[in-house]
Amino acid sequence: EALLREASDISDKYGQPEVDTVFFGGGTPSILPAEEILRIVKTLKNLFNIKNPSEITMEANPGTITKEKAKIYMDAGINRLSIGFQAAQDHLLKSMGRIHTKDMFQECINLLLNLGFYNINTDIIFGLPDQSMEDWKETVSLLLKSDLPHISCYSLKIEEGTFWYELKKKGKLPDIDENLEREMYYYVIAEAEKAGYNHYEISNLAKPGYECRHNMKYWTDKPYIGIGAGAHSYMHNERYANVTDVKEYINRVMNNVPSETFSKVIDREELLSERFILGLRLIDGLSVKKLKQKFGEEMVEKYETKISKLEEKELVSYDGDMLKLTEKGLDFANLVWVEFI
């Protein structure tokens, strides 16, 4: 109810804006009864000018998808699923606290494909404690055999407040071998490219035409609206975020109290900085010519010394007008991005 009320308020605020992508996630929105998802999508279609064809993505864990749910998603117009697989080894899935197994993932994919649901992304993670190169090869092999059109591969990031974070603090978590982690990264890229995937963003590979349209908006400075607890928005050069606590979010919305806890107008200097950082996530990089057209030559030229230093270190290079990370730059991307902050 709160989600739909916030959506209505936003629609009124921006005058039923035109939308061509919708994304349910993160977390596990598929845990919600499918009828509720259908209701949300129907309401969004009434409140926003959703273009056709649009990309509507739902994040899901393999253990939460049933045939009945999948059919309702299709009826709702959800045409892209993002499945959190993570690894092909049950002992690694268990150590991550995942509720699914390798077999459950395969059953889920078979179910979706049999229903005609092809546009599927799968998330996998490398650099896990006790994960061997053989484990990783098995995970990649299983995915490529599944022939899904999109793969997202992330290195493990240990977040504060998690079980692994506490183990690490106590010195009980095995150290991650950085060389092995990089070997895993380049292995999945090489194998996927051989199988016809395009490496289009640092962590993402897709078959031609299946790049995630929604995520491309984040990397190319397009506006987006976030609805729900913890959701972030970026409209008219203003960035704002909702309160993360679900109960507080519901109380605020239902009592007509603004749900935002943070807002900031992004000035042109910060916007240019973000364009460099986000644009350099894309393997093709970003057009410096277009930046100069948007921000003016003088603003962009302030970065020329930094770009030259990064070129000398062989972290970035020019391909015609496009500035992009080199292969070495992919390994040290954080060192590149920090130069543009």
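How each quantity is defined
Residues numbered from 1 in each chain as written. Predicted model: local features only at pLDDT ≥ 70, side-chain atom pairs only at ≥ 80, totals over all residues. Heavy atoms only, no water. Disulfide = S-S within 2.5 Å. Pairing = 2+ DSSP bridges. Helix = DSSP H or I, 4+ residues; strand = E, 2+ residues; numbered from the N terminus. Axes fitted to C-alpha atoms, helices over the stretch in contact; angles between N-to-C directions. Parallel < 35°, antiparallel > 145°, perpendicular 65-115°, else oblique. Left-handed = near helix turned anticlockwise from the far one by under 90°. Contact = heavy atoms within 4.5 Å. Phe/Tyr/Trp six-rings, centres within 6.5 Å; stacked < 30°, edge-to-face > 60°. Buried < 20%, exposed > 50% of the residue type's maximum accessible area, 1.4 Å probe, protein only. Lys NZ or Arg CZ within 6 Å of the ring centre and 35° of its normal.

## Here's the deal with the state of the cysteines
(1) Moving on: Under the definition given, this model contains zero disulfides.
(2) Moving on: Here Cys108 stays free of any disulfide, with the sulfur of Cys212 as its closest cysteine sulfur at 18 Å.
(3) Moving on: Considering cysteine sulfurs only, Cys153 is the nearest to Cys212, which forms no disulfide, with 14 Å between them.

## A look at the pairing of strand S8 (residues 232-235)
(1) Moving on: With four bridges joining them, S8 and strand S9 (residues 238-242) adopt antiparallel strand pairing. Bridging from a neighbouring strand, Ser233 pairs with Tyr240 of S9.
(2) Moving on: Counting the residues that bridge the hairpin from S8 to S9 gives two residues, and of these His236 lies at a positive phi of roughly 50°.

## Considering the packing of helix H1 (residues 2-14) against helix H2 (residues 34-47)
(1) Moving on: At their nearest, the axes of H1 and H2 sit 10 Å apart, and the two run at 10° to each other. It follows from the interaxial angle that H1 and H2 lie roughly parallel. Our pair here, H1 against H2, has a crossing hand that is right-handed. Counted together, Leu3, Leu4, Ala7, Ser8 and Ser11 of H1 and Arg39, Ile40, Thr43, Leu44 and Leu47 of H2 form the full contact between these two elements.

## What about the packing of aromatic side chains?
(1) Moving on: For the structure shown, the criterion picks out 11 aromatic pairs.
(2) Moving on: Where Tyr118 meets Tyr210, the ring centres are 5.5 Å apart and the plane angle is 80°; that geometry is what we call edge-to-face. Of this pair, Tyr118 sits in the loop between helix H5 (102-114) and strand S4 (120-126) while Tyr210 sits in the loop between strand S7 (204-206) and helix H9 (213-219), placing them 92 residues apart in sequence.
(3) Moving on: Here Tyr118 falls in the partly exposed class, since its relative accessible area comes to 30%.
(4) Moving on: A network of ring pairs unites the aromatic residues Phe126, Trp136, Tyr185 and Tyr186 as a single cluster.
(5) Moving on: Geometry around Tyr240 places Lys13 over its ring, the cationic atom sitting 5.0 Å from the centre.
(6) Moving on: Taking the ring centre of Tyr234 as reference, the NZ or CZ of Arg239 above it sits at 4.7 Å.

## Let's talk about the sheet that holds strand S13 (residues 322-325)
(1) Moving on: Read from one edge of the open sheet, three strands run S11-S13-S12, paired in antiparallel fashion. Each edge of the sheet is formed by a strand with only one pairing partner; in this case those strands are strand S11 (286-287) and strand S12 (316-319).
(2) Moving on: Relative to S13, S12 is paired through four bridges, and the arrangement is antiparallel. Bridge pairing links Tyr318 to Leu323 in S13.
(3) Moving on: The sheet strands contacting helix H14 (residues 304-312) are S12 and S13, and the helix crosses S12 at an angle near 100°.

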